[in-house]
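Structural features, examined
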Protein chains: 2
Amino acid sequence: MKIIQADPTGFCFGVKRAIDKLEEALKKYGTVYAMGSPIHNPQEISRLEGLGLVVVESFSDIPNDSLVFLRAHGVNPATYEYLTGNNCTIIDGTCPFVANAQEKARSLSEEGYAVVIIGDHDHPEIRAIRGFVDGECHVIPSETDVFMFYGKEKIGVVSQTTQDENVFAETVGTLVRCVKEVKVYNTICKATVERQNAIRKLAKDVDAIIVIGGRNSANTSRLVDIAVSRGVRTLWVEHAEEIDPAWLESVETIGIAAGASTPDWLINEVQILLGNLQVVKGDGKL
Amino acid sequence: MKIIQADPTGFCFGVKRAIDKLEEALKKYGTVYAMGSPIHNPQEISRLEGLGLVVVESFSDIPNDSLVFLRAHGVNPATYEYLTGNNCTIIDGTCPFVANAQEKARSLSEEGYAVVIIGDHDHPEIRAIRGFVDGECHVIPSETDVFMFYGKEKIGVVSQTTQDENVFAETVGTLVRCVKEVKVYNTICKATVERQNAIRKLAKDVDAIIVIGGRNSANTSRLVDIAVSRGVRTLWVEHAEEIDPAWLESVETIGIAAGASTPDWLINEVQILLGNLQVVKGDGKL
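Residues numbered from 1 in each chain as written. Chains lettered and ligands numbered in written order. Predicted model: local features only at pLDDT ≥ 70, side-chain atom pairs only at ≥ 80, totals over all residues. Heavy atoms only, no water.

The next point concerns the packing of helix α1 (residues 13–29) of chain A against helix α2 (residues 42–49) of chain A. Residue and element names in this part refer to chain A. Where α1 contacts α2, the two axes come as close as 11 Å, and the packing angle between them is 20°. Accordingly, the angle class assigned to the pair α1 and α2 is roughly parallel. Touching I19, L22, E23 and L26 of α1 are E44, R47 and L48, all from α2. Tallied by class, the residues present in the contact of α1 with α2 amount to four nonpolar, no polar and three charged. (Axes fitted to C-alpha atoms, helices over the stretch in contact; angles between N-to-C directions. Helix = DSSP H or I, 4+ residues; strand = E, 2+ residues; numbered from the N terminus. Parallel < 35°, antiparallel > 145°, perpendicular 65-115°, else oblique. Contact = heavy atoms within 4.5 Å. Nonpolar A, V, L, I, M, F, W, Y, C, P; charged D, E, K, R; others polar.)

What follows is the structure, given as structure tokens:
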């Protein structure tokens, strides 16, 4: 069995930057609060909780004067004001690409456009971006819902930073059929595009793909969608223990890919497991 | 043989408006100059020349103090100034939808966008629109050439008014993959969309289609492309005399469609010819 890893894969610049900031603060101050998981990866969160991270479900659970970490997905302006108003100190891990999408949504809104965000309605990144729009704002996952905008005068578009570029392009293509004026900011981050292109390339060269990433990770979910849509047998795991060796029976070439929020140590565990299976099978092709 | 005519088909609002203006002026004043064919239909031009129309190949062939008709495709601002500077009186047949595309190209250019016109490089409408752009301007026929814009910061898009909506949507979809900020005005006119949808619908119900329109008519050419791409046997004629009855052998249901610059009398001639063939064949199904 030959093992090929998608290149690039795993942690992106924005997540790495955020987690480095968080880890530095934890080591320096001991206790840091975060609203929701700082990244969509349960295994990494357990590790950070061991260092002093406190994950809460509501900002009202954060005491005044605390250290508060804002994850890569960002928060809306009202939340930011609430926290600073309570004298909290902010460790801002907002990904610069997400901050750009927020800023573009705000400027479109100020220019009088009804804002359309192409993404997942309830994803934290999208909930934050919506807070930057003062006026009409819609979130649509794909072109399916575009026809509701038929006849509108002015639509401004931004994208979830982890959106599939094909979905984004198709949705904009359909939008410009229905609306006279459409101003589009492609806010998909380069790391996302690179990882999606890498799994498309990988899909051509392997019999099966294992995608490693949190079940609640949007960008991992999109990698899985791409692999499945390419007709490749695909397994989505959060960690190596979920891999059943029987699933790999008759696989000659296996591909590995990981979401932008999947840390290297989880990828390494999968590499090691597959390597061990290799030794057991003894075909020496690794 | 059953005959079905696309609905709507033939003269659009803009062409009808222009030709009405021209005809009124010809009847009132006798001689009117026009640069190039007022509409892309040789048969209609012959009829108008009989009323006093003088078609010239260059504006320098138009004497000072003349009456000058501007066709539905419009002219660029420099030409307009040249004519009024020579004390000519303008009969402006510029289609309001074309004037809108010109105005949008101008405003995109003023806002600092590199302007991309999705259309035919040498079509008179496009040559006129280009004159409204002060700065970078590109004309592309389809998405094939989009990748030359990779990495550009700001692109503004307008469309030839007779562009195929599918081509327009696909091209914009590809553009937003390559360029961070894209502002799009869909300047395709409603009459064009209606006529294109009508021939798509017609293609489902007939064995063959006759498209009537000038060989130099872009919108007629697009109707032909759509019919052919739907796998329907298609014949493009300028007038009824070009129809060989042998071509209709074994056709049970024939469709008729006409470009936006094809006058009713040319469509009627085809209807009459097909009706006569009907009588000769005597199958009584008309």
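Next, the rest of the story.
The topology assignment puts S66 of chain A in the loop between β3 (53–56) and β4 (67–70). Judged by relative accessible area, which is 7%, S66 of chain A ranks as buried. (Buried < 20%, exposed > 50% of the residue type's maximum accessible area, 1.4 Å probe, protein only.)

What follows concerns the confidence of the model for chain A. Residues and elements named next belong to chain A. Per-residue pLDDT for chain A has a mean of 91; in total, 97% of the residues score no lower than 70. Of all the helices and strands in chain A, helix α9 (residues 264–281) carries the lowest mean pLDDT, 82, while strand β9 (residues 181–185) carries the highest, 98. Across residues 281–286, confidence stays below pLDDT 50; counting only partners more than four residues off in sequence or on other chains, it has 11 contacts. Overall fold confidence for the complex sits at a pTM of 0.81, while the interface term, ipTM, reaches 0.77. (pLDDT = per-residue confidence, 0-100.)

So, about the pairing of strand β9 (residues 181–185) of chain B. With respect to burial, β9 of chain B is a largely interior element, five of its five residues being buried. Burial along β9 of chain B is two-sided: the residues E181, K183 and Y185 of chain B and V182 and V184 of chain B are all buried. The pairing of β9 of chain A with β9 of chain B spans five bridges and is classified as antiparallel. For E181 of chain A, the partnering residue across the bridge sits in β9 of chain B and is Y185 of chain B. (Pairing = 2+ DSSP bridges.)

To continue, consider the interface of chain B and chain A. At the interface, 18 residues of chain B touch 18 residues of chain A. Buried area between chain B and chain A, summed over both chains or domains, comes out near 1,600 Å², and the portion from carbon and sulfur atoms is 45%. On the chain B side of the contact with chain A, V176, R177 and K180 of chain B bury the most area, a combined 33% of that side's loss. Taken together, chain B and chain A are joined by four salt bridges. The shortest N-O distance in the salt bridge between K183 of chain B and E181 of chain A comes to 3.8 Å. Between chain B and chain A we count 11 residue pairs in polar contact (both at pLDDT 80 or more) in total. Contributions of two or more residues to the side of chain B that touches chain A are made by α6 (165–178) and β9 of chain B. Here the side of chain B that touches chain A gets eight residues from one element, more than from any other, and that element is α6 of chain B. In terms of residue class, the side of chain B that touches chain A is made up of 10 nonpolar, three polar and five charged. (Buried area = accessible area lost by both parts, 1.4 Å probe. Salt bridge = Lys/Arg side-chain N within 4 Å of Asp/Glu carboxyl O. Polar contact = N/O pair within 3.5 Å; in protein donor to acceptor, adjacent residues only side chain to side chain.)

What follows deals with α1 of chain A. The periodicity of an α-helix, 3.6 residues per turn, causes residues three or four positions apart to be oriented the same way. Residues and elements named next belong to chain A. Spanning 17 residues, α1 covers 24 Å between terminal C-alpha atoms, matching the ideal 24 Å at 1.5 Å per step. Within α1 the residues assigned to the buried category are G14, V15, A18, I19, L22, E23, A25 and L26. Burial along α1 is one-sided: seen end-on, the buried residues are contained in an arc of 165°. α1 presents E24, K27 and K28 as exposed residues on the side facing more than 90 degrees away from its buried surface. Turning to α1, the residues buried within the fold contact β2 (32–35), α2, β3, β4 and β5 (89–92). G30, located one to two residues past α1, shows a positive phi value of around 90°. (Expected span 1.5 Å × (residues − 1). Arc of directions from axis to C-beta.)

So, on to the sheet that holds strand β2 (residues 32–35) of chain B. Residue and element names in this part refer to chain B. Judged by pairing direction, the sheet is parallel, and its four strands sit side by side in the order β3-β2-β4-β5 without closing on themselves. The sheet is open, and its two edges are formed by β3 (53–56) and β5 (89–92), each paired on a single side. For this sheet, the mean angle separating the axes of adjacent strands, direction not counted, is 30°. Bridge analysis of strand β4 (residues 67–70) against β5 gives four bridges, and the strand direction is parallel. Along β5, the bridge assignment pairs L67 with T89. Against the sheet, helix α3 (residues 77–85) contacts β4 and β5, and its axis sits at roughly 140° relative to β5.

The subject of this paragraph is the sheet that holds strand β7 (residues 137–140) of chain A. Spatial strand order, β7(A)-β6(A)-β8(A)-β9(A)-β9(B)-β8(B)-β6(B)-β7(B): eight strands in an open sheet with mixed pairing. Of all strands in the sheet, those with a lone pairing partner are β7 of chain A together with β7 (137–140) of chain B, marking the two edges. When strand polarity is set aside, the average angle formed by the axes of neighbouring strands in this sheet is 20°. Pairing between strand β8 (residues 154–159) of chain A and β9 of chain A: four bridges, direction parallel. Counted as the bridge partner of V157 of chain A is V184 of chain A from β9 of chain A. Contacts from helix α4 (residues 96–110) of chain B reach β6 (114–118), β8 (154–159) and β9 of chain B within the one sheet, and its direction differs from that of β8 of chain B by about 175°.

Our next topic: unusual backbone geometry. Residue P8 of chain A follows D7 of chain A across a cis peptide bond; omega there is 0°. In this structure, N87 of chain B is a non-glycine residue whose phi angle is positive, near 65°. Position of N87 of chain B relative to the elements: it lies in the loop between α3 and β5.

Here we take up the relation of the copies chain B and chain A. With an RMSD of 0.0 Å, the operation that places chain B on chain A is a rotation of 180° combined with a shift of 0.1 Å along the axis. As the rotation angle and translation indicate, the two copies are arranged about a two-fold axis. A shared interface surface links the copies, since 100% of the contact residues of chain B are contact residues in chain A too. (Least-squares fit on C-alpha atoms with pLDDT ≥ 70 in both.)

Tracing the backbone through its elements, the reader meets A114 of chain B in strand β6. Ignoring sequence-local partners within four residues, the contact set of A114 of chain B consists of E136, K154, I155 and G156 of chain B.

Here we come to the packing of aromatic side chains. All names here are of chain A. Applying the stated rule across the entire model yields two aromatic pairs over all chains. Judged by centre distance (6.2 Å) and plane angle (80°), the rings of F13 and F97 are edge-to-face. A residue pair is termed long-range when its members are at least 10 positions apart, and F13 in helix α1 and F97 in helix α4 (residues 96–110) qualify at 84 residues. Looking at F13, the relative accessible area reads 48%, which means it is partly exposed. (Phe/Tyr/Trp six-rings, centres within 6.5 Å; stacked < 30°, edge-to-face > 60°.)

Residue and element names in this part refer to chain A. Given a rise of 1.5 Å per residue, 16 residues ought to cover 22 Å, and the 23 Å separating the end C-alpha atoms of helix α7 (residues 190–205) matches this to within 8%. When we look at burial in α7, the residues that qualify are A191, T192, V193, R195, Q196, A198, I199, R200, L202 and A203. Tucked into the core, α7 has its buried residues touching β1 (2–5), α6 (165–178), β10 (208–212), α8 (218–229) and β12 (253–258).

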